[in-house]
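Coordinates in review
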Amino acid sequence: MPDVTDESELDNPVWSCLTTRHAHLARGGPLAARYPVEFSPLGGIPAGAPDNVEALQALVGVGEDLSVAGAHVPEMPSNWETQHRLRIAQMIRREQASLPEGGAEISVLSAADIGDMLALVDLTHPGPFRNRTIELGTFVGIRQHGRLLAMAGERMWVGEHREVSGVCTHPEARRCGFACALMGHVINRMLRAGQIPFLHVDSSNERAIALYERLGFVRRATFPLVHAKRIR
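Below you will find a few notes about this structure.

Here is what the cut-offs are and how they apply
- In every chain, residue numbers begin from 1 and rise along the written sequence.
- Side-chain atom pairs in this predicted model are given and counted only at pLDDT of 80 or more, local residue features only at pLDDT of at least 70, and totals for whole chains, interfaces and linings cover all residues.
- For the side-chain quantities, the full set of heavy atoms in the structure was used; hydrogens and water were omitted.
- Numbering of helices and strands runs from the N terminus; a helix is a DSSP stretch of H or I covering at least four residues, while a strand is a stretch of E covering at least two.
- For every residue, the accessible area obtained with a 1.4 Å probe (protein chains only) is divided by the maximum for its type, and the residue is called buried under 20%, exposed over 50%, and partly exposed between those limits.
- Only heavy atoms matter for contacts: two residues are in contact if any of them lie within 4.5 Å across the pair.
- Computed by Shrake-Rupley with a 1.4 Å probe, the accessible areas treat only the displayed protein chains as cover when residues are assessed.
- We treat Lys and Arg as the positive residues and Asp and Glu as the negative residues; His and chain ends play no part in the count.
- Positions of charges follow a simple convention, taking NZ of Lys, CZ of Arg, CG of Asp or CD of Glu.
- Think of the arc as the fan of directions from the helix axis to the C-beta atoms.
- Just to be clear on terms, a salt bridge is a Lys or Arg side-chain nitrogen sitting within 4 Å of an Asp or Glu carboxyl oxygen.
- DSSP calls a pair of strands paired once it identifies at least 2 bridges connecting them.
- Stacked, tilted and edge-to-face pairs are distinguished by plane angle, under 30 degrees for stacked and over 60 for edge-to-face with tilted covering the rest, among Phe, Tyr and Trp rings (Trp via its six-membered ring) whose centres lie within 6.5 Å.

Details of the overall build of the chain
A tally of helices and strands in the chain yields 5 helices and 11 strands. The principal-axis extent of the C-alpha atoms belonging to the chain is close to 50 × 40 × 35 Å. The buried share of the chain, taken over its 232 residues, is 49%. Looking at the chain alone, contacts between residues at least 24 apart form 71% of all its contacts between residues at least 6 apart. If you sum the accessible surface of the chain, you get close to 10700 Å²; carbon and sulfur atoms cover 50% of it. Taken together, the 24 basic and 26 acidic charged side chains of the chain have centroids lying 3 Å from each other.

In structure tokens, the structure reads:
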């Protein structure tokens, strides 16, 4: 069984992931790191000192965007335009009981599905998803009559903690139980691998939080997220 007592790295999840499990993808160094733009806009710093902010800025070109969340979210310099700022809840599922996966036909998504995945993300806005986000983990979906109606997958990976991400359902398919079925599939896969599921959600999205609580997640922390664009 994984050690569920040490969760300290989750306090700064992006930085923790980019300096361990996803270090092979990271752009940056000891002061700041970010994902390549085609994977994710997420970046992180180990501390809020000016040197860290300067190093983070050096990783972002003019016209590019960046999201920072966790223990150290800096005030961006004047050459940045803040596009949104919010509080996100980090939720964790410490219990080991498996979940039902429903009766829907679930399939593993691949590079051939990226166009449909991006279209679903544009419609539902579950969070950042880029052309190569699918390479960060396994994503699964539900199709009906050829249309991708729902999906869910994996993104960050911190120690034995694996992030559930990209959960979204087409508006025409809501209340069909697709999100629960897909999350059950993703979470059960994590449990079989000895991993502890966690996720992030807008702290004001009470409907989603209530769903996650029904699936066994509890709130672990709340911290800020800022998404900004470098304008010069």
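Concerning the environment of Gln83
Structurally, Gln83 can be placed in strand 5 (residues 80–92). Setting aside anything within four residues of it in sequence, one finds Gln83 in contact with Asp65, His227, Ala228 and Lys229.

Considerations on helix 2 (residues 50–57)
Buried residues of helix 2: Asn52, Val53, Leu56 and Gln57, and no others. Buried residues in helix 2, looked at end-on, bunch into an arc of 135°, giving them a common side. The exposed set on the far side of helix 2, more than 90 degrees from its buried face, consists of Pro50, Asp51 and Glu54. In the core, the buried residues of helix 2 are packed alongside strand 2 (33–34), strand 3 (42–44), strand 4 (65–69), strand 5 and strand 11 (218–230).

A word on the pattern of salt bridges
By the definition in use, this model includes 18 salt bridges. Ionic pairing is found between Asp11 and Arg220, a salt bridge with its closest N-O pair at 2.8 Å. In this pair, Asp11 sits in the segment before helix 1 (13–18) while Arg220 sits in strand 11, placing the two residues 209 residues apart along the sequence. Relative accessible area serves as the criterion here: at 37%, Asp11 is assigned to the partly exposed category. Where Arg219 meets Glu213, a salt bridge forms, and the shortest distance between an N and an O atom there is 4.0 Å. Residue Arg219 is classed as partly exposed on the basis of its relative accessible area, which comes to 41%. By relative accessible area, Glu213 is classed as partly exposed at 42%. Several salt bridges share partner residues, and in doing so they unite Glu7, Asp11, Arg94 and Arg220 into one network.

Quick notes on the sheet that holds strand 11
Read from one edge to the other, the open sheet built from 11 strands follows the order 1-2-3-4-11-5-10-9-8-7-6, with strand pairing classed as mixed. The two strands at the open ends of the sheet, each matched to only one other strand, are strand 1 (27–28) and strand 6 (106–108).

Some remarks on unusual backbone geometry
Positive phi is not limited to glycine here, since His125 has a value of about 55°. Position of His125 among the secondary structure elements: in the loop between helix 3 (114–124) and strand 7 (140–144). Judged by relative accessible area, His125 falls into the exposed class, the value being 63%. Residues other than glycine seldom take positive phi values, yet His145 does so here, at roughly 55°. Take His145: its relative accessible area is 85%, and that puts it in the exposed class.

Let's talk about the packing of aromatic side chains
Considering all chains together, one arrives at 2 aromatic pairs under this definition. Between Phe129 and Phe139, the ring centres sit 5.5 Å apart and the planes meet at 85°, which makes this aromatic pair edge-to-face. Of the two residues, Phe129 is situated in the loop between helix 3 and strand 7 and Phe139 in the loop between helix 3 and strand 7; the sequence distance between them amounts to 10 residues. In this structure Phe129 comes out as buried when scored by relative accessible area, which is 9%. A residue is classified by how much of its surface remains accessible, and Phe139, at 1% relative accessible area, is buried. With a centroid separation of 6.3 Å and 65° between ring planes, the pair formed by Tyr212 and Phe217 is classed as edge-to-face.

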